[in-house]
Amino acid sequence: MTYRVLFVLVAVLLVLGGCKKDKEFTIRGKITHAEDQTIVLEELHTSSLKKITETKINKKGEFEISAMTGIPTFYLLKLNDQSFITLLVDSAETVTVEADAANFDREYNVEGSPGSAHVKLLDSKLKETRHKLDSIRSLDNLYKGNPEYDSVRPRWAEEYDNIVKEQIEFSTQFVRDNPFSMASVLALYQKLDNNFIVRDLQVMKTAASALNSIYPKSEQVQALYNNALQIVRDKQSADMKKFIQEQGENSPEITLPDPDGTEVALSSLRGKVVLVQFWAAVDRASRIQNPVLVEAYNKYKRKGFEIYQVSVDVNRAEWVDAIDKDKLRWINVGDMEGSKLAAAVYNIQSVPFNYLLNEEGEIVAKNLRGPALDKALAQLLD
């Protein structure tokens, strides 16, 4: 799904569902061999369960439960703590469940709830995959010590990997096809061998953004959205570390023009203690920090201290004006296109932000402010 199509769909769904109010939904069904038992409905939160209601199953195995919701919500329908099914119910739905008490959590039919049908599909596929993998593990354990073990093990290993790959492709495609379904939250949090099944970061980001646009009050959506943001930050940080390792140095190179258009490389400052400061002339917090940097620069510049200040601005006039007004006499560079490459390799999420490099160009500290900066400089230069 292209971002343009996604944007249009989000806009339409916001108009249609933006003012959605809580409405009553009903779950009714028949569970054989469960006469006179109590069935409980619990709302599923990210780290807890909330009991909504319960009712007795009648002599015919029939029951009916009603509750209120305004958005698709995950529920557990429970006979007991070991026997339950997961439902994803939207407002005003009438859900029908049919099952037998003996295999309630394994074999059931659900109608009237597209979300619950999606949940069942995802759960069934994952159970099928786990069963196949358990069978291979059992064979592997059974044949250990057998003379034929070494000859058959590679084939089993390949089969195991293919089953895992098939599950990954199935779950990933499900999220691609259903970015606005709350069932995608379940798909994104399902695990296999302690690893998340869906590992495509772009798919996760697309679904998280889409769901957050439609269901911003959903606890599960908020958790997914925040988790996606954290994964993006972690990946950017990992990319930076990888870049550093590939470059064979601790601090990645930056080469950007100063206000006169002269290219200045960060590596040209080897032999000095350097503060690599990312900032923006239009950012109030950056401007507030500048006087502190001026004080530190005047105090330590004769001892071998330099500031390499990278602007993420896009307006040259504002940048040059700020340099003049704040009396910034050190090296200032920027391409007036956001200095995106430099910001990316240094994993800059917001400004102001800085890294302190020693004389060998190694990063020894980051995001130093006020007294912390003075203390670090004193340790390196006094």
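So, a few notes on the structure that sits alongside this text. Along each chain, residue indices are assigned from 1 in the same order as the chain's sequence is written. At least 70 in pLDDT is required for a residue's local features to be given in this predicted model, at least 80 for side-chain atom pairs to be given and counted, and no such filter applies to totals for whole chains, interfaces and linings, which use all residues. For the side-chain quantities, the full set of heavy atoms in the structure was used; hydrogens and water were omitted.

Time to look at the side chain of asparagine 354. Numbered from the N terminus, helices here are DSSP runs of H or I no shorter than four residues, and strands are runs of E no shorter than two. Note on placement: asparagine 354 falls in strand β16 (residues 353-357). What qualifies as a polar contact is a pair of N or O atoms within 3.5 Å, subject to a donor-acceptor requirement within protein and to the restriction that residues adjacent in sequence count only when both atoms come from side chains. A polar atom in the side chain of asparagine 354 sits 3.0 Å from the side chain of glutamine 277. We call two residues in contact when some of their heavy atoms are within 4.5 Å. Non-local contacts of asparagine 354, meaning those with residues more than four positions away in its chain, are made with Leu275, Val276, Gln277, Gln289, Lys366, Asn367 and Leu368.

This part covers the packing of aromatic side chains. Working definition: a ring pair exists when centres of Phe, Tyr or Trp rings (six-membered ring for Trp) sit within 6.5 Å. Plane angles under 30 degrees give stacked, over 60 give edge-to-face, the rest tilted. Going through the model one piece at a time under the given rule, you end up with eight aromatic pairs. Between tyrosine 143 and tryptophan 156 the ring centres are 5.2 Å apart and the planes differ by 80°, which places this aromatic pair in the edge-to-face class. Here the residue tyrosine 143 occupies a position in helix α2 (residues 114-143), and tryptophan 156 occupies one in helix α3 (residues 149-177), the gap between them amounting to 13 residues. The buried label applies to any residue whose accessible area, calculated with a 1.4 Å probe on protein chains only, is under 20% of its type's maximum; exposed applies above 50%, and partly exposed to all values in between. The partly exposed category is assigned to tyrosine 143, whose relative accessible area is 25%. Connected via pairs of aromatic rings, a cluster forms that spans Phe278, Tyr346, Phe353 and Tyr355. Against the face of tyrosine 108 rests lysine 120, its NZ or CZ located 5.2 Å from the ring centre. Two conditions define a charge located above a ring, namely a distance within 6 Å from the ring centre to NZ of Lys or CZ of Arg, and an angle within 35 degrees of the ring normal. For the cation-ring pair, lysine 191 lies above phenylalanine 196, with the distance from its terminal atom to the ring centre recorded as 4.8 Å.

So, on to helix α8 (residues 316-325). Of the residues making up α8, those classed as buried are Trp319, Ala322 and Ile323. All buried residues of α8 project into a common sector of 100° when viewed along the axis, lining one side. Seen from the buried face of α8, the exposed residues on the opposite side, beyond 90 degrees, are Ala317, Asp324 and Lys325. Elements that come into contact with the buried residues of α8 comprise β11 (255-257), β13 (273-279), α7 (284-300), β14 (305-311) and β15 (331-333). Sitting at the amino-terminal end of α8 is asparagine 315, which places a side-chain oxygen 3.0 Å from the backbone nitrogen of alanine 317. Arc definition: directions from the helix axis to the C-beta atoms.

Here we take up the packing of α7 against helix α10 (residues 370-381). At their nearest, the axes of α7 and α10 sit 10 Å apart, and the two run at 15° to each other. Taken as axis vectors, α7 and α10 run roughly parallel relative to one another. For the pair α7 and α10, the sense of crossing is right-handed. Along its contact with α7, which presents Val292, Leu293, Ala296, Lys299 and Tyr300, the element α10 presents Gly370, Leu373, Asp374, Leu377, Ala378 and Leu381. Under the scheme applied, nonpolar residues are Ala, Val, Leu, Ile, Met, Phe, Trp, Tyr, Cys and Pro; charged residues are Asp, Glu, Lys and Arg; polar residues are all the others, including Gly. Here the contact of α7 with α10 is built from residues that sort into eight nonpolar, one polar and two charged. Only the stretch in contact is used when fitting a helix axis, every axis being a line fitted to C-alpha atoms; angles between N-to-C directions are given from 0 to 180 degrees. Angles below 35 degrees are treated as roughly parallel, those above 145 as roughly antiparallel, those between 65 and 115 as roughly perpendicular, and all remaining angles as oblique. The handedness criterion is simple: a crossing whose near helix is rotated anticlockwise from the far helix by less than a right angle is left-handed, and one whose near helix is rotated clockwise is right-handed.

A separate point is the sheet that holds β14. Here we have five strands laid out as an open sheet, ordered β15-β14-β13-β16-β17, and mixed in their pairing. Sheet topology places β15 and β17 (363-366) at the edges, where each strand pairs with a single neighbour. Across the sheet, the mean angle from the axis of one strand to that of its neighbour is 20°, orientation sign disregarded. Criterion used throughout: strands pair if DSSP finds at least two bridges between them. Where β14 meets β15, three bridges bridge the pair, whose relative direction is parallel. Of the residues in β15, the one forming a bridge with glutamine 309 is asparagine 332. Contacting β13, β14 and β16, α7 runs over the sheet at an angle of about 160° to β14.

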